[in-house]
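# Structural description and commentary
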Amino acid sequence: MPLSRTQLSHRFGQRRTSPRLVALHRMLSRLKSTVTVLHTGAHPDDEQNAMLAFMRFRLGMRTVIGCSTRGEGGQNTLGPERGGALGIVRTRELEEAAKVIDADIVWFGFGPNDPVHDFGFSKNGQDTLERWQHDLIVERMVRAYRSERPDIVIPTFLDVPGQHGHHRAMTMAAEEAIALAADPNAYPEHFVLGLAPWQVTKYYLPAWSGGGSTYDDEVPPPPETVKVSATDPDFATGMPFDEIGEWSRFYHASQGMGRWPDDLRTEWPLHLRVGPNDNGGIADNIPRRLADIVPGLAAADTAIATAIAAFPNADDIIAPLSVALEIIEAHADVVPAEHLHRIETMIADLEAAMLVASGIDCVAALDREVVAQGQTVDLSLTLRGAPADVSIDVIIPEGVSIITQSRGRYTLEVAPDAPITDPFTQTYSASGANGDACIILTLTIAGRTISRAFALERPLTIVPAASVDLTPSALLVAADSEFSGLSVEAKIEGGANKLSLSSLEGVEISPSRDGITLSGGGLMEGRYSLDVMLDDAPAFTASTIDYAHIGKSLYLSPARIDILALKLALPQDRRVAYIGGGGATTMSGAG
């Protein structure tokens with residue numbers, strides 16, 4: 001099936017920004033360091049994208065963005081999405097922004113129904129922590145420290161008067177979690193999950209102020225103890241890191257982010273709050289190379305340096321990478337337990353670099369990314385440069401099966417009861433596969449069997465077989481009064497046959513496939529919710545979200561009709577007017 005113009009635009013855009021040689025250099029740069037830095041913030045777009053791009057591409061560090069909320073309490077310059085729907089937009093925007101700078105993501109808040117969510121602007125960090133449930137957000141940060149094992153943690157903002165309360169809360173929680181993450185008596189339930197205590201080596205605060213820009217810090221920043229300097233451009237693209245950061249920030253389109261940097265920022269001063277003193281570099285006193293872990297691995301460092309120096313000659317890169325792997329595996333038994341994660345990450349990155357250097361190109365795409373329960377969807381796979389004996393495994397989620405396959409074409413069938421996709425995932429991997437479906441290639445390179453997962457071009461999203469749109473979804477009635485003939489239009493999408501509602505004493509409900517009529521009265525003052533069902537199952541209202549920079553998804557909210565009963569008395573000799581806001585929805589009334 002030919003690709004649509006939208007699909008082509010997305011694919012060509014992705015491939016233009018990451019041609020093979022750039023992708024190869026990006027993979028090789030991962031091999032320069034064994035350091036991980038976690039950059040924490042409260043909202044998508046809080047991150048310092050240019051600084052992270054420099055740390056990742058020039059210093060070779062693994063970078064992780066830790067974000068508490070989905071930004072569902074913010075504004076939207078693109079369209080009508082608010083609340084949970086905006087949270088989906090901003091979640092996808094951060095994923096695309098992170099992809100540009102090759103950063104992973106870990107979320108501390110799981111959507112608008114989670115206690116850790118964006119409830120709008122706040123000036124009080126302590127109040128924010130209470131609303132987020134203090135112990136919950138700290139426990140999630142401890143879990144992230146133990147799973148991601150950052151050597152360095154840097155919050156995005158300071159905990160000072162005048163700063164956004166969400167930012168202040170994240171900075172407070174980030175520091176509190178450091179001691180707890182290292183405490184073997186704290187959160188023992190983590191150890192059942194295979195985690196272990198982890199000591200963050202360094203905790204830095206920004207040594208710059210938010211005052212005079214977006215926020216109004218009322219006290220000066222702490223003194224600088226070290227400076228991250230990115231004076232030279234990125235080697236692979238020749239571009240300044242501040243511009244690369246803006247390429248990334250441009251994906252935060254709902255917030256109007258992305259600017260042309262007339263005055264390039266090249267320095268980020270930091271203040272060491274916790275950890276050993278610096279000797280002039282942010283990664284001082286941290287194992288930065290394999291030889292810092294095991295002296296015998298110095299030869300592996302040399303082999304990696306040889307491979308990096310051979311760029312862009314791909315044929316001269318694979319052999320030294322293979323040598324580095326052999327040396328690492330020969331020393332596996334003497335690697336201290338607290339550094340095993342560094343070795344495992346290095347092995348995975350070495351194998352990934354060998355795969356890129358070999359010229360293998362894998363593109364896997366669905367003919368549409370949003371699929372309803374009970375439907376089928378086609379998956380196409382394009383492989384270039386792969387040997388004839390490559391093994392291909394299609395990984396699919398529960399409730400999905402492959403019913404036909406031929407020459408790189410697969411037809412997937414989604415069962416009527418397949419689990420609905422949760423749009424608020426808890427992690428995102430820049431270099432691995434994301435979502436519930438992926439492709440795994442297994443092949444031999446330089447005598448070594450390598451398996452690697454490739455994400456689908458757009459993730460598979462499974463939605464309910466049927467949904468209903470109600471107009472209006474809220475009714476206003478006079479308390480303690482009779483009403484009749486209130487109508488709600490119902491538009492059913494999908495194969496449902498029967499629409500029904502939960503009961504409410506004193507109200508007669510007459511549902512049909514096309515609408516609902518309500519009559520009755522005697523309701524005491526208050527708010528009442530009637531749950532809507534399709535074929536006796538809880539119904540959802542589906543709102544389509546479709547923007548070129550993030551793709552298509554649906555926001556599902558429980559379908560219900562709200563009735564607000566009020567004691568209404570109009571003032572005499574007064575005119576009453578209503579001024580709608582940007583997020584106003586339709587309400588009908590009676591009485």
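So, here's what we can say about the structure. (Residues numbered from 1 in each chain as written. Predicted model: local features only at pLDDT ≥ 70, side-chain atom pairs only at ≥ 80, totals over all residues. Heavy atoms only, no water.)

Scanning the protein for helices and strands turns up 13 helices and 29 strands. Going through the 591 residues of the protein one by one, you find that 50% of them count as buried. Taking as baseline every contact in the protein between residues at least 6 positions apart, the subset at least 24 positions apart corresponds to 74%. Carbon and sulfur atoms form 51% of the exposed surface of the protein, whose accessible area is close to 26,900 Å². (Helix = DSSP H or I, 4+ residues; strand = E, 2+ residues; numbered from the N terminus. Buried < 20%, exposed > 50% of the residue type's maximum accessible area, 1.4 Å probe, protein only. Contact = heavy atoms within 4.5 Å. Areas by Shrake-Rupley, 256 points an atom, 1.4 Å probe, with all protein chains shown as cover.)

What follows concerns helix α4 (residues 83-100). Between its first and last C-alpha atoms α4 spans 26 Å; for 18 residues at 1.5 Å apiece the expected length is 26 Å, and the two agree. Among the 18 residues in α4, 15 count as buried, and that is most of the element. Immediately downstream of α4, the backbone of Asp 102 shows phi near 55°, a positive value. (Expected span 1.5 Å × (residues − 1).)

This next bit is on the pattern of salt bridges. On inspection of all chains with the given rule, the structure shows 30 salt bridges. For Asp 45, the salt bridge identified is with Arg 90, shortest N-O distance 2.8 Å. Within this pair, whereas Asp 45 is found in the loop between β1 (36-41) and α3 (49-57), its partner Arg 90 is found in helix α4, the two being separated by 45 residues in sequence. With a shortest N-O distance of 3.0 Å, Arg 448 and Glu 351 are connected by a salt bridge. In this pair, Arg 448 sits in strand β16 (residues 448-455) while Glu 351 sits in helix α13 (residues 340-357), placing the two residues 97 residues apart along the sequence. (Salt bridge = Lys/Arg side-chain N within 4 Å of Asp/Glu carboxyl O.)

Spatial strand order, β18-β20-β23-β22: four strands in an open sheet with antiparallel pairing. Two strands bound the open sheet, and with one partner strand each, they are β18 (466-471) and β22 (507-511). Shown here is a sheet whose adjacent strand axes are inclined to one another by a mean of 25°, direction ignored. Where strand β20 (residues 482-494) and strand β23 (residues 515-521) come together, six bridges link them in antiparallel fashion. Residue pairing in the sheet places Glu 489 in a bridge with Gly 515 of β23. (Pairing = 2+ DSSP bridges. Axes fitted to C-alpha atoms, helices over the stretch in contact; angles between N-to-C directions.)

So, about unusual backbone geometry. Cis geometry is found at the peptide bond from Phe 311 to Pro 312, where omega equals 10°. Take Pro 312: it is sitting in the loop between α11 (298-310) and α12 (318-330). That bond from Thr 471 to Pro 472 is cis: its omega, -10°, falls within 30 degrees of zero. Structurally, the position occupied by Pro 472 is in the loop between β18 and β19 (474-478). Phi angles above zero are rare outside glycine, and Asp 102 is one such case at about 55°. Secondary-structure assignment places Asp 102 in the loop between α4 and β3 (104-107).

Here the distance between the centres and the angle between the planes together describe a pair of aromatic rings. Evaluated as defined, the whole model comprises two aromatic pairs. Ring geometry for Phe 54 against Phe 241: centres 5.3 Å apart, planes inclined by 90°, an arrangement best described as edge-to-face. With Phe 54 in helix α3 and Phe 241 in helix α9 (residues 241-249), the pair connects residues that are 187 residues apart, well separated along the chain. When sorted by exposure, Phe 54 lands in the same class as Phe 241, which is buried. With a centroid separation of 6.3 Å and an interplanar angle of 65°, the aromatic rings of Phe 235 and Phe 311 are classed as edge-to-face. Separated by 76 residues along the polypeptide, Phe 235 in the loop between β6 (226-229) and α9 and Phe 311 in the loop between α11 and α12 bring together distant segments of the chain. When the ring centre of Phe 119 is taken as reference, the NZ or CZ atom of Arg 131 above it lies at 3.8 Å. If you follow Arg 265 out to its NZ or CZ, it ends over the ring of Trp 208, 4.7 Å from the centre. (Phe/Tyr/Trp six-rings, centres within 6.5 Å; stacked < 30°, edge-to-face > 60°. Lys NZ or Arg CZ within 6 Å of the ring centre and 35° of its normal.)

For Ser 553, the position within the fold is in strand β27 (residues 551-558). Sequence-distant contacts of Ser 553, defined by excluding residues within four places in its chain, comprise Ile 88, Val 370, Ser 543, Thr 544 and Ile 545.

End to end, α13 covers 26 Å across 18 residues, agreeing with the expected 26 Å (1.5 Å per residue, within 8%). Within α13, the full set of buried residues consists of His 341, Arg 342, Ile 343, Met 346, Asp 349, Leu 350, Glu 351, Ala 352, Ala 353, Met 354, Leu 355 and Ala 357. Just downstream of α13, Gly 359 is the residue with a positive phi angle, here 90°.

For the rest of this paragraph, the subject is a negative patch on the surface. A cluster of acidic residues, Asp 469, Glu 489, Glu 493 and Asp 514, forms a negative patch at the surface. Looking at where Glu 493 falls in the secondary structure, it is placed in strand β20. (Patch = residues over 30% accessible without salt bridge, like charges linked within 9 Å, V, L, I, M, F, W, Y side chains within 5 Å. Lys, Arg positive; Asp, Glu negative; His and termini not counted. Charge placed at Lys NZ, Arg CZ, Asp CG, Glu CD.)

Once that is clear, we can look at the nonpolar core. In this structure, Ile 317, Leu 321, Leu 350, Leu 379 and Ile 439 are the most contacted members of the largest nonpolar core, which totals 56 residues. Counting residues per element, this core draws most heavily on α13, which supplies eight residues. Filtering out sequence-adjacent residues up to four positions away, Leu 321 remains in contact with Leu 28, Leu 31, Ala 307, Leu 350, Ala 353 and Met 354. Listed in part, the 34 residues of the second largest apolar core include Phe 54, Ile 154, Leu 272 and Ile 286. (Core = buried A, V, L, I, M, F, W, Y, C linked by side-chain atoms within 4.5 Å.)

The next point concerns the sheet that holds strand β13 (residues 409-414). Ordered by their spatial adjacency, four strands build an open sheet running β8-β10-β13-β12, and the pairing between neighbours is antiparallel. Whereas interior strands pair on both sides, the edge strands pair on one side only; in this sheet they are β8 (361-366) and β12 (400-406). Sheet twist, expressed as the average angle between the axes of neighbouring strands with direction ignored, equals 20°. Alignment of strand β10 (residues 376-384) against β13, held across five bridges, turns out to be antiparallel. In the strand pairing of β13, Ser 380 is matched with Arg 409. The strands touched by helix α1 (residues 5-17) are β8 and β10; relative to β8, the strand with the most contacts, the crossing angle is about 155°.

Burial analysis of strand β5 (residues 202-206) places five of its five residues in the buried class, the great majority of the element. Side chains Lys 202, Tyr 204 and Pro 206 project from β5 onto one buried face, and the interleaved Tyr 203 and Leu 205 project onto a second face that is buried too. Here strand β4 (residues 152-155) pairs with β5 via two bridges, running parallel. Considered in β5, the bridge of Ile 152 is made with Lys 202. Relative to strand β7 (residues 267-274), β5 is paired through four bridges, and the arrangement is antiparallel. The residue of β7 that forms the bridge with Tyr 203 is Val 274.

Two elements in contact, α3 and α9, have axes separated by 7 Å at closest approach and are oriented at 115°. Classified by chirality, the crossing of α9 by α3 is right-handed. On the side of α3, the interface is formed by Asn 49, Ala 50, Ala 53, Phe 54 and Phe 57, while α9 contributes Phe 241, Asp 242, Ile 244, Gly 245, Ser 248 and Arg 249. Residues of the contact of α3 with α9, tallied by class, amount to six nonpolar, three polar and two charged. (Left-handed = near helix turned anticlockwise from the far one by under 90°. Nonpolar A, V, L, I, M, F, W, Y, C, P; charged D, E, K, R; others polar.)

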